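What the coordinates show
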Amino acid sequence: MRYEIKKIDILSVIKIIFIVSLFIGALIGIFHALIFSFIGTLLQQMGGDEVEFGMRSITIITPFVMILFTALFFAFFNSVFAGFIVLIYNVLTQWIGGIRIDLDSVDD
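Residues numbered from 1 in each chain as written. Predicted model: local features only at pLDDT ≥ 70, side-chain atom pairs only at ≥ 80, totals over all residues. Heavy atoms only, no water.

It is worth spelling out the overall build of the chain at this point. When you go through the chain residue by residue, the secondary structure sums to 2 helices and 2 strands. Going from the N terminus to the C terminus, the chain shows its helices and strands as β-α-α-β. The contacts in the chain between residues at least 6 apart in sequence include a share of 86% that link residues at least 24 apart. Within the structure as shown, the chain displays about 8600 Å² of accessible surface, and the carbon and sulfur contribution to it stands at 74%. (Helix = DSSP H or I, 4+ residues; strand = E, 2+ residues; numbered from the N terminus. Contact = heavy atoms within 4.5 Å. Areas by Shrake-Rupley, 256 points an atom, 1.4 Å probe, with all protein chains shown as cover.)

In structure tokens form, the structure reads like this:
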């Protein structure tokens, strides 16, 4: 049997990419927050009392904001990029045809 993928639904691709990218972005945000907290702690120990007050407010709020921002930015960027790629594929399939797949039935 021979099939051809003529069109891909853009919204379904964007939905799946957004959810997966949100999860991966949250993991990357956690990693960045841990690194930033480590560097902030290191700077507090090296600087003594001069930077303690300014760094305390940064180290409490910043990791949560960083995780949220990284996850949302990563998910939004990847979703827009995937939607653009699917749109290009859908336009090109009208001119040159889609991806052809040959499938055979298998008896178990």
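Turning next to the environment of proline 63. Mapping proline 63 onto the fold places it in helix H2 (residues 52-96). The buried category is assigned to proline 63, whose relative accessible area is 14%. Separated by 28 residues in the primary sequence, proline 63 and isoleucine 35 place their C-alpha atoms 9.6 Å from one another. (Buried < 20%, exposed > 50% of the residue type's maximum accessible area, 1.4 Å probe, protein only.)

What follows concerns the confidence of the model for the chain. Per-chain confidence: the chain averages 85 in pLDDT, with 87% of residues scoring 70 or above. Least confident of the elements in the chain is H2, whose mean pLDDT is 85; most confident is strand E2 (residues 99-102), at 88. (pLDDT = per-residue confidence, 0-100.)

Before going further, it helps to spend a moment on the side chain of serine 21. Position of serine 21 among the secondary structure elements: in helix H1 (residues 10-47). According to the relative accessible area criterion, serine 21 is buried, its value standing at 6%.

Before going further, it helps to spend a moment on the packing of aromatic side chains. Tallying each qualifying case throughout the model produces 2 aromatic pairs. Seen from their ring centres, phenylalanine 69 and phenylalanine 73 are 5.9 Å apart, and the 15 degrees between their planes marks the pair as stacked. With phenylalanine 69 and phenylalanine 73 both in helix H2, this residue pair falls 4 residues apart, about one helical turn. The class for phenylalanine 69 is exposed, based on a relative accessible area of 56%. (Phe/Tyr/Trp six-rings, centres within 6.5 Å; stacked < 30°, edge-to-face > 60°.)

Right, let's get into the pattern of salt bridges. Counted according to the given criterion, the structure contains 3 salt bridges. A salt bridge links aspartate 102 to arginine 2, with the nearest nitrogen and oxygen atoms 3.1 Å apart. Here the residue aspartate 102 occupies a position in strand E2, and arginine 2 occupies one in strand E1 (residues 2-5), the gap between them amounting to 100 residues. Both residues of the pair, aspartate 102 and arginine 2, count as exposed. For glutamate 4, the salt bridge goes to lysine 6, with nearest N and O atoms at 3.9 Å. Taking relative accessible area as the criterion, glutamate 4 reaches 29% and is therefore assigned partly exposed. (Salt bridge = Lys/Arg side-chain N within 4 Å of Asp/Glu carboxyl O.)

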